[in-house]
Structures are given as structure tokens and as C-alpha cells.
Amino acid sequence: MYVLFAGGNLIDYEQITFCIMNWIKKAFKGRTHKSSERHYRGHYSQDPPFDTPSGSGDAWREHENEEIDRAIALSLLEGSQKERKVKDDEYQLKEDEQLARALQESLKFEPPPQYENQNTFQPPPVHYPTGYRICAGCNTEIGYGRFLNCLSAFWHPECFRCHACNLPISDYEFSMSGNYRFHKSCYKEQYHPKCEVCNHFIPTNPAGLIEYRAHPFWNQKYCPSHEHDGTPRCCSCERMEPQNTGYVALNDGRKLCLECLGSAVMDTRDCQPIYQDIQEFYEGLNMKVEQQVPLLLVERQALNDAREGEKNGHYHMPETRGLCLSEEQTISTILRRPRSGTGNRTMNMITEPYKLTRRCDVTAILILFGLPRLLTGSILAHEMMHAWMRLQGFRTLSQDVEEGICQVLAHMWLHTQLESASSNAPQTSSSASSSRLKKGKRSQLERKLGEFFKHQIESDASPVYGDGFRAGHQAVYKYGLSRTLEHIRMTGRFPN
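Residues numbered from 1 in each chain as written. Predicted model: local features only at pLDDT ≥ 70, side-chain atom pairs only at ≥ 80, totals over all residues. Heavy atoms only, no water.

For the structure shown, the criterion picks out 11 salt bridges. The partner of Arg373 in a salt bridge is Glu446, and the shortest N-O contact between them spans 3.3 Å. Within this pair, whereas Arg373 is found in helix H8 (residues 373-391), its partner Glu446 is found in helix H10 (residues 434-459), the two being separated by 73 residues in sequence. Here Glu486 and Arg489 are joined by a salt bridge, their closest N and O atoms 3.8 Å apart. Taken as a pair, Glu486 and Arg489 lie in helix H12 (residues 481-491) at a separation of 3 residues, close to a single helical turn. (Salt bridge = Lys/Arg side-chain N within 4 Å of Asp/Glu carboxyl O. Helix = DSSP H or I, 4+ residues; strand = E, 2+ residues; numbered from the N terminus.)

If you want it as C-alpha cells, here you go:
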């Protein structure tokens, strides 16, 4: 079918229908996409109106086809741009969600406090939405979420663990020892010193420092307060009594630790083998004591009573432990050793009076009872030197010279005892029993006590016993014992 327009041009009716439908389609697209509509209308605002007559049907159709192609191209371009914009918006939304999630997790993390300045670290939590990091604990990648940036490494929170308990460290602070990490409580349990008396952690002083006392030989650590709260010490080794280990209370008020009690000499009869050993020791030095000098073990009070009339004796700290007598007296000596009773107290000790008669310049040697064998022997060796010099007619000497040379002999006897104990060959008999093992253990304890008694003599700070010993020891080391004693007999002084 053909339609005749003004001007005489014939146009196919189907072509007109096709053009009209495309124009309607373009108009619909224009209302859907406003930006392309504006562009489209702007572009076509300069074109002639639709009902303007055309010179020919072909020209009109060619113009119409160009318009249709241009509209389709614009529509495709706008669709592509919209698709890219939707993808960009979705990616940005995903990034924003991840960042928000990381920030929300960071609000739940509690950064770590401080236990001790020199051993404590406070790792701040670091949160990044992206990044490739390896956990120093499990050696796997750390993704999104919480992690620690600490000790020049990254960690999952569950991989940052305590070296002691192997649990994650989530406290506000942690401590270090070497390359190992610890909870504050675990570090304190392992490295904070405990008092060996009350078994509590030793407190810090007002400056925040751990302050404690320690025995110079035994290295027993304890709170400073125990020096003033009446905590008893062993009368032999000077260690303080732990609250969970009771010391044995002797009749005269002294206390004895269980180690010292194991070799303690308790009565006069028990002391005779030691006395014989000391006499043999002096004979080996060509210093035999010809007279029979009685040896008596006594209580503290009896020793103090006998001391009142004597100026020569073995003094240790504030109390006397041995005495060489030259006066006639009646002494209360211990006849039978006490037995252990209830409450770690000794009981049933039997004493008897012993009257001293003067047959020579020495009437008796008194030793305090209840001391370990090696300490008893060293005190006896000291007092025997007093007796030997009196019986040899030495002049009255100054205290530092007389007490000093007596300490030298006590030190020499202890040295021989420790040397002989270490040189004894171990038993190899197949019939040896557990009693032999117990004896070996006791010997080790005795050796440690002997080393302590030597240390006491060597480190004594008193001008009489300490300085006197060091001067006499140096003289004997340089000139020998015999020449040193002869010089003392002639001059009353140590040789230079």
C-alpha cells in the first residue's frame, strides 16, 4: 500500500509503520535514560521537524536510517556505562564492609599493662583490611580480622602463647625472659623470688624494687621483716627456720635444724671419739698435749657461769661455745643425751656435777653441747691450742695473736677432715645396703657443714678472731707452723 503525501511523493505504508515504531522505541528509551535523552534531544534539536516535506522518499529514508543507527549506538553505550558503574559500586561496597568489620573488631581488643619494667612489653593491636602477613606462631597467612604486631613479627591472637602454661596471652600485659613470653602471673611464679621462710613472694620496697636478705653462704633468701619478727635461727648453721619445717628446741633455748641435728654431739661420752681424734691431730703436728685434760660437754648456762672467772675462751657471735679453764670449779656436765619429745623439744637430759682440781695450768675444756660433729671438733681444736700454749709456758699474748693462732689450728683440722672425706674410696661390696647409702648422704651433708664452718672462720669480721686468723694464716703459709709458733714464743707477735 502506498500513501501520497503533499508534494507528490509516494511512501510505502510498511516503511512508514517501521519508522513510526522506531521513533516510539527511541522515545521510550529516552524516558528511561535521562542522560541519553538529553544528549539525544540536544543532538536532534538542530534537525528539521518530522513533518517537513522531503525532496525524495529515498533521502527521507536514508536520513531516518541514520537517526535510527545513531539512537541504537547511544543506547548500547549507555548500557555499557551503567553496567560498569554497577560493578564499581558493588566492589566499593564490599571494601567498605570489610573496613567496617575490621574497625569493629579493633574496638573489642584490649591492648596489654606492665608487670616489671625490664621484662614487660605492651604490643598494640594493629588492624588492616588488606595485606599479606605470616603468623610467627603457626607460619600461616593472617587474613582479615584481629592480629598482633609484636616483637618484630605478626601473630594470630591464639598463637601468641605463654612459654610456661602454653595458653594464649590475652592479658593487658605480658613479660619476657630471653626469647620466651609469659603471662604476668606465670612469670612471677617462675622468676619472682619467694621467701624461704614464709614461702610468700618477696614484696617490693617503696621504690618498686624486690628487696630481700640472703645468707652469704647458704644463699637462703627471705623477707627483710624476718630479721626483726623473732624468726629463730639454727644455732649451728645460722639458717632461719622455715615456717613449714620445725627446728628442734634444745633445753637451753637454742634451736637446731634437722641437718645439724643429724650429726649433733649431745653428751660428754659422745664427744670422746672426737677428743681422741684432735689429740692425734696435734701429735701429728709434733704438738702432743702430755697432760690429761678433762673434756666436758655442758649447757649454755653452765658455760656462761664458768666463763665469768676466765678470760680465755672460744667466743662466737654473742655467745661462748668453748672454754679452756685454769681454775678449780664445779661444773654441771651432761651425762646422758636428751631425747626428742613432743613439739620438737628435747627432754630427759641427765646432768651431774663435776669438780675440777688444779693439777696443771689447765683444769678442763668445756664445749657447748648440741653442735654438729665438725663444729664441735673445730671448737675443741681451738681450745686445745689454748691448752697447749699454756702448758708450753707461752707468755701472755695479745688477744688477736692468741685467738688468731687458735683459729688457725681449728681451720687446719677442718681442712684435714674435709680432705680425708673426699679421698675415701667408695665401697664396692655387694652386701652394701640402704644404711650405707644413708651414711653417704649424711657425709655429704657433713661436708657442706664443714665448708660452712671454714667459711665462718675465714670471713669473720671481728678484729680479734677475724683479723687475728688472717694474720696467723698468712704467717703459717709463709713460714710454716713451727717457725711461726717459735716467733710468737719469742716476740709475742706474728712474723711479718
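A separate point is the environment of Leu250. In this fold, Leu250 is placed in the loop between strand E12 (248-249) and strand E13 (255-256). The class of Leu250 is buried, set by a relative accessible area of 0%. With 119 residues separating them in the primary sequence, Leu250 and Phe369 have C-alpha atoms 9.6 Å apart. (Buried < 20%, exposed > 50% of the residue type's maximum accessible area, 1.4 Å probe, protein only.)

Excluding glycine, a negative phi dihedral is what most residues carry, and trans is how most peptide bonds are arranged. Although it is not a glycine, Asn139 sits at a positive phi angle of roughly 60°. Within the fold, Asn139 resides in the loop between strand E4 (133-134) and strand E5 (141-142). Residue classification places Asn139 among the exposed positions, given a relative accessible area of 60%. Positive phi is not limited to glycine here, since Asn199 has a value of about 65°. Within the secondary structure layout, Asn199 lies in the loop between helix H4 (184-191) and strand E10 (213-214).

Attention now goes to the nonpolar core. The nonpolar side chains of soluble globular proteins are, as a tendency, buried together. Judged by nonpolar contacts, the single largest core of 76 residues is most densely connected at Leu366, Leu380, Met385 and Ile405. With 12 residues, the next largest nonpolar core counts Trp155, Ile169, Phe174 and Phe182 among its residues. (Core = buried A, V, L, I, M, F, W, Y, C linked by side-chain atoms within 4.5 Å.)

Take the pairing of strand E17 (residues 319-325) next. The element E17 is largely enclosed, with a buried count of 7 among its 7 residues. Direction of pairing for E17 relative to strand E22 (residues 364-368): antiparallel, over a ladder of 4 bridges. Pairing of Leu325 across the sheet is with Ala364, part of E22. (Pairing = 2+ DSSP bridges.)

Note that predicted coordinates carrying low pLDDT should not be read in detail. Averaged over every residue, the pLDDT of the protein chain is 76; residues scoring 70 or more account for 65%. Mean pLDDT in the protein chain bottoms out at helix H2 (residues 34-44), which sits at 33, and peaks at helix H11 (residues 465-479), which reaches 96. Long-range and interchain partners of residues 103-118, a stretch whose pLDDT sits below 50, account for 32 contacts in this model, where long-range means more than four residues apart. Counting interchain partners and residues more than four positions distant, the pLDDT-below-50 stretch residues 126-130 has 14 contacts. (pLDDT = per-residue confidence, 0-100. Contact = heavy atoms within 4.5 Å.)

What follows concerns helix H6 (residues 268-284). Counting along an α-helix, one turn takes 3.6 residues, and residues three or four places apart therefore face a common direction. Between the first and last C-alpha of H6 there are 24 Å, a value that for 17 residues agrees with the 24 Å anticipated at 1.5 Å per step. Of all the residues in H6, the buried ones are Thr268, Cys271, Ile274, Tyr275, Ile278, Gln279, Phe281 and Tyr282. Residue Asp267 occupies the N-cap position of H6, its side-chain oxygen lying 3.2 Å from the main-chain nitrogen of Arg269. Of the residues trailing H6, Asn286 is marked for its positive phi of about 60°. (Expected span 1.5 Å × (residues − 1). Polar contact = N/O pair within 3.5 Å; in protein donor to acceptor, adjacent residues only side chain to side chain.)

Glancing now at the side chain of Thr363. Tracing the chain through its elements places Thr363 in the loop between strand E21 (350-355) and E22. A polar side-chain atom of Thr363 sits 3.0 Å from the main-chain carbonyl oxygen of Glu327. Beyond its immediate chain neighbours, meaning those up to four positions away, Thr363 contacts Pro294, Leu325, Ser326, Glu327, Glu328, Leu356, Thr357 and Arg358.

The sheet contact formed by strand E8 (residues 174-177) and strand E9 (residues 180-183) spans 4 bridges and is antiparallel. Each bridged residue has a counterpart across the sheet, and for Ser175 the counterpart in E9 is Phe182. Counting the residues that bridge the hairpin from E8 to E9 gives 2 residues, and of these Gly178 lies at a positive phi of roughly 65°.

Following the sequence through the fold, Arg254 ends up in the loop between E12 and E13. Of note is the side chain of Arg254, whose polar atom sits 3.0 Å from the side chain of Asp252. Every residue in contact with Arg254, bar those within four places of it in the chain, is listed here: Cys235, Val248, Ala249, Arg300, Glu319, Leu368, Phe369 and Leu371.

So, on to H8. For H8, built from 19 residues, the straight-helix expectation of 27 Å at 1.5 Å per residue is met to within 8% by its first-to-last C-alpha distance of 26 Å. The buried count for H8 comes to 17 of 19 residues, which makes it a mostly enclosed element. One or two steps after H8, the chain reaches Gly393, where phi turns positive at roughly 80°.

The next subject is the packing of H6 against H8. Between H6 and H8, whose axes approach to 10 Å, the crossing angle comes to 50°. With respect to H8, the axis of H6 lies oblique. Both H6 and H8 take part in a crossing whose hand is right-handed. Along its contact with H6, which presents Cys271, Ile274, Tyr275, Ile278, Gln279 and Tyr282, the element H8 presents Arg373, Thr376, Gly377, Leu380, Ala381, Met384 and Met385. A breakdown of the residues in the contact of H6 with H8 according to their chemical character gives 9 nonpolar, 3 polar and 1 charged. (Axes fitted to C-alpha atoms, helices over the stretch in contact; angles between N-to-C directions. Parallel < 35°, antiparallel > 145°, perpendicular 65-115°, else oblique. Left-handed = near helix turned anticlockwise from the far one by under 90°. Nonpolar A, V, L, I, M, F, W, Y, C, P; charged D, E, K, R; others polar.)

On to the packing of aromatic side chains. Scanning the model with the defined rule gives 12 aromatic pairs in all. With 5.6 Å between their ring centres and 80° between their planes, Phe182 and Tyr191 make a pair best called edge-to-face. Ring centres 5.7 Å apart and planes at 55° place the aromatic pair Phe452 and Phe453 in the tilted group. Taken as a pair, Phe452 and Phe453 share a single burial class, namely buried. Feature note: the residues Phe217, Trp218, Phe452 and Phe453 constitute an aromatic cluster, connected by ring pairs. Directly above the aromatic system of Phe154 lies the positively charged group of Arg133, at a separation of 5.5 Å from the ring centroid. In this structure, Arg239 is placed above the aromatic ring of Trp218, and the distance from its NZ or CZ to the ring centre is 4.0 Å. (Phe/Tyr/Trp six-rings, centres within 6.5 Å; stacked < 30°, edge-to-face > 60°. Lys NZ or Arg CZ within 6 Å of the ring centre and 35° of its normal.)

Turning our eyes to something else, we now look at the state of the cysteines. Scanning the entire structure with this criterion turns up 0 disulfides. The thiol sulfur of Cys186 is not disulfide-bonded, and the nearest other cysteine sulfur, from Cys162, lies at 3.7 Å. Of all cysteine sulfurs, the one in Cys234 lies closest to Cys237, which takes part in no disulfide; the gap is 3.6 Å. Judged by its relative accessible area of 0%, Cys237 falls in the buried class. (Disulfide = S-S within 2.5 Å.)

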